[in-house]
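For reference, the chains in residue letters:
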Amino acid sequence: MANKTLPMHKIKQVLLFLDRGVSQRNIALQTGINRRTIASYLELAQQTNYSLAELVSMEDSDLAQCLVLIEKDSILDNQRRIHLESVYSYFLIELKKIGVIKYLLWQEYILENPEGFKYSRFCEILSEFSKIKTLL
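Below is a short write-up of the structure.

1. Remarks on the overall build of the protein chain
Right, on to step 1. Summing up its helical and strand segments, the protein chain has nine helices and zero strands in all.
Right, on to step 2. Secondary structure elements of the protein chain, listed N to C terminal, follow the sequence α-α-α-α-α-α-α-α-α.
Right, on to step 3. Within the protein chain, the fraction of its 136 residues that count as buried is 35%.
Right, on to step 4. Across the protein chain, the fraction of contacts at a sequence separation of at least 24, relative to all contacts at a separation of at least 6, is 54%.
Right, on to step 5. Split by element, the accessible area of the protein chain, about 9000 Å² in all, is 55% carbon and sulfur.

Structure representation (structure tokens):
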């Protein structure tokens, strides 16, 4: 899941399609949701003690708790972001050096933090930090 949780109605739509036996490929085509994301929600659903139909019929808050989406994503994302903010000044200094690119910095970052952000999100956050720094 690309660092962002899908809205509950989309999750329920995916679970409903899966319950009806629609292939993950067809679900991806119909909803525009990546197949890996669909597979990860299926895996989360299978880890619960509920059937797909039972999950679809749950209230949004109950489903979120059941799939442990809200807390897990927000806590992990906040921890990763706080760590990235702590090393931001180092990245800024390094980026000014000749031959240093964001990808090299990300590789260094991911070696130290294997559970860290993927490259695209790393670049987004780095750009956000740069904009904030220039405004100050």
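2. Details of the packing of helix α1 (residues 8–19) against helix α2 (residues 24–31)
Right, on to step 1. In the contact formed by α1 and α2, the axes pass within 10 Å of each other and the chain directions differ by 145°. The handedness of the crossing between α1 and α2 is right-handed. Contacts between α1 and α2 involve Lys-10, Gln-13, Val-14, Phe-17 and Leu-18 from the first element and Gln-24, Ile-27, Gln-30 and Thr-31 from the second.
Right, on to step 2. A breakdown of the residues in the contact of α1 with α2 according to their chemical character gives four nonpolar, four polar and one charged.

3. Regarding a nonpolar patch on the surface
Right, on to step 1. On the surface, a nonpolar cluster with roughly 360 Å² of combined accessible area is contributed by Ile-101, Tyr-103, Leu-104 and Tyr-119.
Right, on to step 2. Within the secondary structure, Leu-104 sits in helix α8 (residues 102–112).
Right, on to step 3. According to the relative accessible area criterion, Leu-104 is partly exposed, its value standing at 41%.

4. Notes on α1
Right, on to step 1. Here α1 spans 16 Å end to end across 12 residues, near enough to the 16 Å set by a 1.5 Å rise per residue.
Right, on to step 2. Every buried residue of α1 is listed here: Met-8, Ile-11, Lys-12, Val-14, Leu-15, Phe-17 and Leu-18.
Right, on to step 3. Directly beyond the C-terminal end of α1, a positive phi value near 85° is found at Gly-21.

5. Some details on the pattern of salt bridges
Right, on to step 1. Counted by the stated rule, this structure contains six salt bridges.
Right, on to step 2. The salt bridge partner of Arg-121 is Glu-124, with a shortest N-O separation of 2.9 Å. With Arg-121 and Glu-124 both in helix α9 (residues 119–135) and three residues apart, the pair spans about one turn of that helix.
Right, on to step 3. A salt bridge links Arg-121 to Glu-128, with the nearest nitrogen and oxygen atoms 3.9 Å apart.
Right, on to step 4. When its relative accessible area of 15% is taken as the criterion, Arg-121 is described as buried.
Right, on to step 5. Via salt bridges that share partners, Arg-81, Glu-85, Arg-121, Glu-124 and Glu-128 belong to a single interconnected network.

6. Focus: the packing of α1 against helix α5 (residues 60–67)
Right, on to step 1. At a minimum axis distance of 10 Å, the contact between α1 and α5 shows a crossing angle of 70°. Considered as vectors, α1 and α5 are oriented roughly perpendicular to each other. Packed against α1, whose contacting residues are Met-8, Ile-11, Lys-12 and Leu-15, the element α5 presents Asp-60, Leu-63, Ala-64 and Leu-67 at the interface.
Right, on to step 2. When the residues that make up the contact of α1 with α5 are grouped by side-chain class, the tally is six nonpolar, no polar and two charged.

What counts, and at which threshold
Residues numbered from 1 in each chain as written. Predicted model: local features only at pLDDT ≥ 70, side-chain atom pairs only at ≥ 80, totals over all residues. Heavy atoms only, no water. Helix = DSSP H or I, 4+ residues; strand = E, 2+ residues; numbered from the N terminus. Buried < 20%, exposed > 50% of the residue type's maximum accessible area, 1.4 Å probe, protein only. Contact = heavy atoms within 4.5 Å. Areas by Shrake-Rupley, 256 points an atom, 1.4 Å probe, with all protein chains shown as cover. Axes fitted to C-alpha atoms, helices over the stretch in contact; angles between N-to-C directions. Left-handed = near helix turned anticlockwise from the far one by under 90°. Nonpolar A, V, L, I, M, F, W, Y, C, P; charged D, E, K, R; others polar. Patch = residues over 30% accessible without salt bridge, like charges linked within 9 Å, V, L, I, M, F, W, Y side chains within 5 Å. Salt bridge = Lys/Arg side-chain N within 4 Å of Asp/Glu carboxyl O. Expected span 1.5 Å × (residues − 1). Parallel < 35°, antiparallel > 145°, perpendicular 65-115°, else oblique.

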